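# An overview of the molecular structure
Residue strings, one per chain:
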Amino acid sequence: MDDYGISAHAAVDVVADHVAQARDGRGPVTTQPDPDALATELELDRWIRHGGMDHAALARWLPGYLDATVRLHHPGSLAHQVAVPSTGPAVADLIHGATNNPMAKYEMGAAGATIEREVVRWMLEKVGFDRHASGGVLTHGGSLANLTALLAARARVAPEAWREGVPGDLALLAPPSVHYSVRRAAAILGLGEDAVVELDVDGHERIRPDRLAAGLDRCAVAGRRPIALVAVAPATSTGLHDDLNAIGLFCTDHGIWLHVDAAHGGSALLSEQYRHLLAGIELADSVVWDAHKMLRTSGLCAAVLVRRGPDLPAAFQQRGDYVFDDRDPVGFDLLDRALETTKTTLGLKLFLSLAWAGERGLGDYVGSRYDLALRFHEVLSSEPGVSCPYVPESNIVCFRVGNGDQLALLDRLTADGRLHFGSTTIDGDRYLRLVVTAPDTDEATLAELIRAIRDAVPRATDLGPVRA
Ligand SMILES: Cc1ncc(COP(=O)(O)O)c(C=O)c1O
């Protein structure tokens, strides 16, 4: 075996041990060393300047690197919406790393391109779009996917924008809870952030369907034309879903492009128990669904799905002569529907995730994490001093302990690295936030969290009265 194969084996052995230990809950979820000390410990300068690593050196070096990674497989890993990769996607990264087929052009990677086409078709079907009329593409992440979908929406309302520049009267209707990538997209698209007209929401930041007309009126009074209305499924901070049915009907009646950001929750379409949360998603004109959140693929693998297939190529109008000529190509190209030229074989990760677990297995995984989030809510909300603002609708759970400084409390609860979670604001107030994602997170993790809360706050009154 050459050094390539030996090194890959050496790395796989060390990584497999690391994952197994993390799954057992051994060690901290995360350590946050000083970056300069870490650079010294990992001898980064020496390796950068002089090279010379081989499989034996890699096997010695890698554990130090892994020590400073976040152990997403650890049951106490509750901080982010990042997928805990299963075996298939991890192996897909290895395969892509070696073969490197940037397959947005069929000729550059027939297998990867065909797999992307098939997994996208499968996602379109799950959303409820007509398989023959709809279309989609995989992109490097939900932020890029939102930008791509909104570019398609802009092309529909203002097709001249691409050539002549963006008219000054465009708007985007969205709730304040929308992911920041949507506001960023509005700015990148040339609308400007001020063109985002905020929709009225309830106390938990969900769009109020009965107030949609008022939002549209505000847009008209400002002399603006909406390119799209964005709804979330679910919102990043709360994990709560907008009412897609009601919003979809409103958009259909008013001829407004509905974009559903289901980056996080699209995967619930695979769960019989939780699919109802996305009822109405088929009314959308475009949908974003990240496989690298709840479909267990490593980053990145996000889908942009459109109800009318030609809407995506309509958004992009350049051709590079170095990749295209006048011959009739074999297969198909994806370059006309994505921002990227060179893409990794994103579809392979999702394909191998499905090939391992099947859609049923992944649906059960999503359902089990949503169920466990409900259990976290049940136990947390009966704990003295703890309050939960709403019943979770996904694997995202928010809570407060007392009414004091929640960030100071967060530091105390996560200081020993056994539990890793974060915080967010809802309607202006700061809450602690858990994302129940790791397959090995269980009742024991919940018990550890409750113990940590009791240790950090011996008396419920220590952090002030509980907010109503
Ligand atoms: C609802 C929603 N949309 C978009 C994104 C951005 O996705 P990405 O991090 O893949 O760019 C996120 C990320 O958390 C999200 O929660």
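Before any of the text, the structure's been laid out above.
Here we summarise the structure given alongside this text. (Residues numbered from 1 in each chain as written. Predicted model: local features only at pLDDT ≥ 70, side-chain atom pairs only at ≥ 80, totals over all residues. Heavy atoms only, no water.)

## Some details on the overall build of the protein
The helix and strand tally for the protein stands at 15 helices and eleven strands. For 468 residues, the compact-globule estimate of 2.2 N^0.38 gives 23 Å, and the protein sits close to it at 24 Å. Principal-axis analysis of the C-alpha atoms places the extent of the protein at approximately 65 × 60 × 40 Å. For the protein, the residues scored as buried account for 52% of the 468 residues in total. If you sum the accessible surface of the protein, you get close to 20700 Å²; carbon and sulfur atoms cover 52% of it. In the protein, 44 positive and 62 negative side-chain charges are present, and the distance between their average locations comes to 1 Å. (Helix = DSSP H or I, 4+ residues; strand = E, 2+ residues; numbered from the N terminus. Rg over C-alpha atoms; globule rule 2.2 N^0.38 Å. Buried < 20%, exposed > 50% of the residue type's maximum accessible area, 1.4 Å probe, protein only. Areas by Shrake-Rupley, 256 points an atom, 1.4 Å probe, with all protein chains shown as cover. Lys, Arg positive; Asp, Glu negative; His and termini not counted. Charge placed at Lys NZ, Arg CZ, Asp CG, Glu CD.)

## Looking at the sheet that holds strand β2 (residues 170-174)
Here seven strands make up an open sheet; going across it, the order is β1-β7-β6-β5-β4-β2-β3 and the pairing mixed. The outermost strands of the open sheet, each flanked by one partner alone, are β1 (135-139) and β3 (196-198). With strand direction ignored, the average angle separating the axes of adjacent strands in the sheet is 20 degrees. Where strand β5 (residues 258-261) and strand β6 (residues 286-290) come together, three bridges link them in parallel fashion. By the bridge assignment for β6, H259 is matched with S286. On top of the sheet, helix α7 (residues 142-157) reaches β1, β2, β4 (225-232), β5, β6 and β7 (302-306); it is set at about 150 degrees to β4, its chief contact. (Pairing = 2+ DSSP bridges. Axes fitted to C-alpha atoms, helices over the stretch in contact; angles between N-to-C directions. Contact = heavy atoms within 4.5 Å.)

## Brief notes about the nonpolar core
Residues L229, V260, I281, V287, W289 and L305 are the most contacted members of the largest nonpolar core, which totals 54 residues. Element by element, the count of residues in this core is highest for helix α13 (residues 346-381), at nine residues. Among residues more than four places away in sequence, those in contact with V260 are A231, A233, L244, I281, A284, S286, V287 and V288. Counting 46 residues, the second largest nonpolar core, distinct from the first, contains A104, V182, A315 and F324. (Core = buried A, V, L, I, M, F, W, Y, C linked by side-chain atoms within 4.5 Å.)

## Points about the pattern of salt bridges
Where charged atoms from two side chains of opposite charge approach closely, those side chains can pair. Evaluated as defined, the whole model comprises 29 salt bridges. Of the charged contacts, one joins D440 and R23 as a salt bridge, the two residues approaching to 2.6 Å between their closest N and O atoms. Of the two residues, D440 is situated in the loop between β11 (429-435) and α15 (443-456) and R23 in helix α1 (residues 3-23); the sequence distance between them amounts to 417 residues. By relative accessible area, which is 22% here, D440 ends up partly exposed. (Salt bridge = Lys/Arg side-chain N within 4 Å of Asp/Glu carboxyl O.)

## Quick look at the packing of helix α6 (residues 110-127) against α13
At a minimum axis separation of 8 Å, α6 and α13 run at an interaxial angle of 60 degrees. By the criterion of interaxial angle, the relationship of α6 to α13 is oblique. As α6 runs across α13, the sense of the crossing is left-handed. Listed contacts from α13 to I115, E116, V119, W122, M123 and K126 of α6 are G347, L348, L350, F351, L354 and E359. Of the residues that constitute the contact of α6 with α13, the class distribution is eight nonpolar, one polar and three charged. (Parallel < 35°, antiparallel > 145°, perpendicular 65-115°, else oblique. Left-handed = near helix turned anticlockwise from the far one by under 90°. Nonpolar A, V, L, I, M, F, W, Y, C, P; charged D, E, K, R; others polar.)

## Details of the environment of A438
Locating A438 in the fold gives a position in the loop between β11 and α15. When its relative accessible area of 0% is taken as the criterion, A438 is described as buried. In sequence terms A438 and L269 are 169 residues apart; their C-alpha atoms lie 19 Å from each other. Those residues within four positions of A438 in sequence are excluded, and the remaining contacts are L72, H73, H74, S77, V84 and R369.

## A look at the environment of E193
Along the chain, the position of E193 falls in the loop between α9 (180-188) and β3. The class for E193 is partly exposed, based on a relative accessible area of 46%. Along the primary structure E193 and V182 are separated by eleven residues, whereas in three dimensions their C-alpha atoms are 9.4 Å apart. In contact with E193, not counting residues within four places along its chain, are R183 and A187.

## Digging into the packing of aromatic side chains
The geometry of an aromatic ring pair comes down to the distance between the two centres and the angle between the two planes. In total, this model carries six aromatic pairs according to the counting rule given. Aromatic side chains W61 and Y65 sit 5.6 Å apart centroid to centroid with 25 degrees between the ring planes, which places their arrangement in the stacked category. On the criterion of helical spacing, the pair formed by W61 and Y65 is a turn pair, its members being four residues apart in helix α4 (residues 55-67). Classification of Y65 by relative accessible area gives partly exposed; the value is 40%. Between W122 and W289, the aromatic rings sit 5.9 Å apart at their centres with planes inclined by 35 degrees, giving tilted as the arrangement. Separated by 167 residues along the polypeptide, W122 in helix α6 and W289 in strand β6 bring together distant segments of the chain. Judged by its relative accessible area of 0%, W289 is buried. (Phe/Tyr/Trp six-rings, centres within 6.5 Å; stacked < 30°, edge-to-face > 60°.)

## Topic: the pairing of β7
Taken across its five residues, β7 has five buried, putting it largely inside the fold. In β7, alternate side chains face the same way, and those of A302, V304 and V306 on one face and A303 and L305 on the other are all buried. Summarising the sheet, β1 and β7 pair through five bridges and their orientation is antiparallel. Looking at β7, one finds that V137 is bridged to V304. Relative to β7, β6 runs antiparallel, the two being bridged by five bridges. In the sheet register, S286 faces β7, and the bridge partner there is V306.

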